[in-house]
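Observations on the three-dimensional arrangement
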Amino acid sequence: RTAKLLPVKTLEGFDFGFQPSLDRERISALAQLDFIRRSEVVHFLGPPGTGKSHLATALGVAAVKAGRSVYRATLAELIEALNKAEREGRLAEKIRFYTRASLLIVDEIGYLPITPGGANLFFQLVNARYEKGAMILTSNRGFAEWGEVFGDPVVATALLDRLLHHAVVIQIEGASYRLRRHADLIPEH
Ligand code: ADP
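Before going into details, it helps to say that this report is about the structure given with it. (Residues numbered from 1 in each chain as written. Predicted model: local features only at pLDDT ≥ 70, side-chain atom pairs only at ≥ 80, totals over all residues. Heavy atoms only, no water.)

**Considerations on the pattern of salt bridges**
A full pass over the atoms with the stated rule returns eight salt bridges. Of the charged contacts, one joins Glu40 and Arg38 as a salt bridge, the two residues approaching to 3.0 Å between their closest N and O atoms. Relative accessible area serves as the criterion here: at 16%, Glu40 is assigned to the buried category. By relative accessible area, Arg38 is classed as partly exposed at 45%. (Salt bridge = Lys/Arg side-chain N within 4 Å of Asp/Glu carboxyl O. Buried < 20%, exposed > 50% of the residue type's maximum accessible area, 1.4 Å probe, protein only.)

Spelled out as structure tokens, the structure:
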């Protein structure tokens, strides 16, 4: 296996000037990591390219530096792994594995359709972690759209009930950093 030589995402490497809707102080406060001690859920919401994954990863890096265990996956990866574990009769074990990390980062909620049963599996995981461990979630979709995202309004409501109980919601309104040099190509809304 080749090592993943990805550029490390840090808070120092984040250009707050590019994203004026974002309160730098709130992010610095999160970097103190009290949300992990309190088993809270941090939501980063906003359109693609606005730095949600970057900030989630940077907080994860800060947590690792502080000696915390962190696990990060996209929602699609997580559900695929839970599906596989269920097929192999190891679901409880897999959920325990994801529950053990002090911080679980679930990236990219809302991009890919959830496979049948996927919402249910994710709910089981969230329920297992609820009030026991911190999470950071990133999504391009508002909470009102979660019924559609998870293909099941009842499970979506139950998920949100737990994920918004002890939660910090950071909404980023802004342009995509990926497209910053192509502003002329982006249609005006
Ligand atoms: P999102 O998760 O919101 O779709 P990402 O966090 O993946 O967006 O950001 C897309 C790319 O742009 C990444 O390479 C990220 O490091 C970079 N990026 C986004 N916003 C900023 C910023 N304000 N300063 C520096 N790099 C940024």
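**Focus: the site of the ligand**
Residues in close proximity to the ligand total 15 residues, the closest being Lys9, Asp15, Gly49, Lys52 and His54. Gly49 has a polar backbone atom sitting 2.8 Å from an oxygen atom of the ligand. His54 places a polar side-chain atom, nitrogen or oxygen, 2.6 Å from an oxygen atom of the ligand. Contact with the protein chains removes 87% of the 560 Å² of surface that the ligand exposes when unbound. Considered class by class, the residues forming the shell around the ligand number five nonpolar, six polar and four charged. (Near = heavy atom within 4 Å. Polar contact = N/O pair within 3.5 Å; in protein donor to acceptor, adjacent residues only side chain to side chain. Areas by Shrake-Rupley, 256 points an atom, 1.4 Å probe, with all protein chains shown as cover. Nonpolar A, V, L, I, M, F, W, Y, C, P; charged D, E, K, R; others polar.)

**Concerning the packing of aromatic side chains**
By the definition in use, this model includes eight aromatic pairs. Look at Phe143 and Trp146: their rings are 5.7 Å apart centre to centre, the planes differ by 65°, and that puts the pair in the edge-to-face class. Taken together, a centroid distance of 5.2 Å and an interplanar angle of 50° make the contact between Trp146 and Phe150 tilted. Phe150 carries the same exposure label as Trp146, and that label is buried. Grouping aromatic residues by their ring pairs yields a cluster made of Phe122, Phe143, Trp146 and Phe150. Here the guanidinium or amino end of Arg180 rests over the ring plane of Tyr177, the centre of that ring lying 3.7 Å away. (Phe/Tyr/Trp six-rings, centres within 6.5 Å; stacked < 30°, edge-to-face > 60°. Lys NZ or Arg CZ within 6 Å of the ring centre and 35° of its normal.)

**Observations concerning the nonpolar core**
Counting 29 residues, the largest nonpolar core has Val106, Phe122, Trp146, Phe150 and Leu159 as its most contacted members. Elements with a contribution of two residues or more to this core: helix 4 (75-87), helix 5 (91-100), strand 3 (103-109), helix 6 (118-129), strand 4 (134-139), helix 7 (146-149) and helix 8 (153-163). Looking at this core element by element, the count peaks at six residues for helix 6. With near-sequence residues (within four places) excluded, Phe122 lies in contact with Leu75, Leu78, Ile79, Leu82, Val106, Phe150 and Leu159. (Core = buried A, V, L, I, M, F, W, Y, C linked by side-chain atoms within 4.5 Å. Helix = DSSP H or I, 4+ residues; strand = E, 2+ residues; numbered from the N terminus. Contact = heavy atoms within 4.5 Å.)

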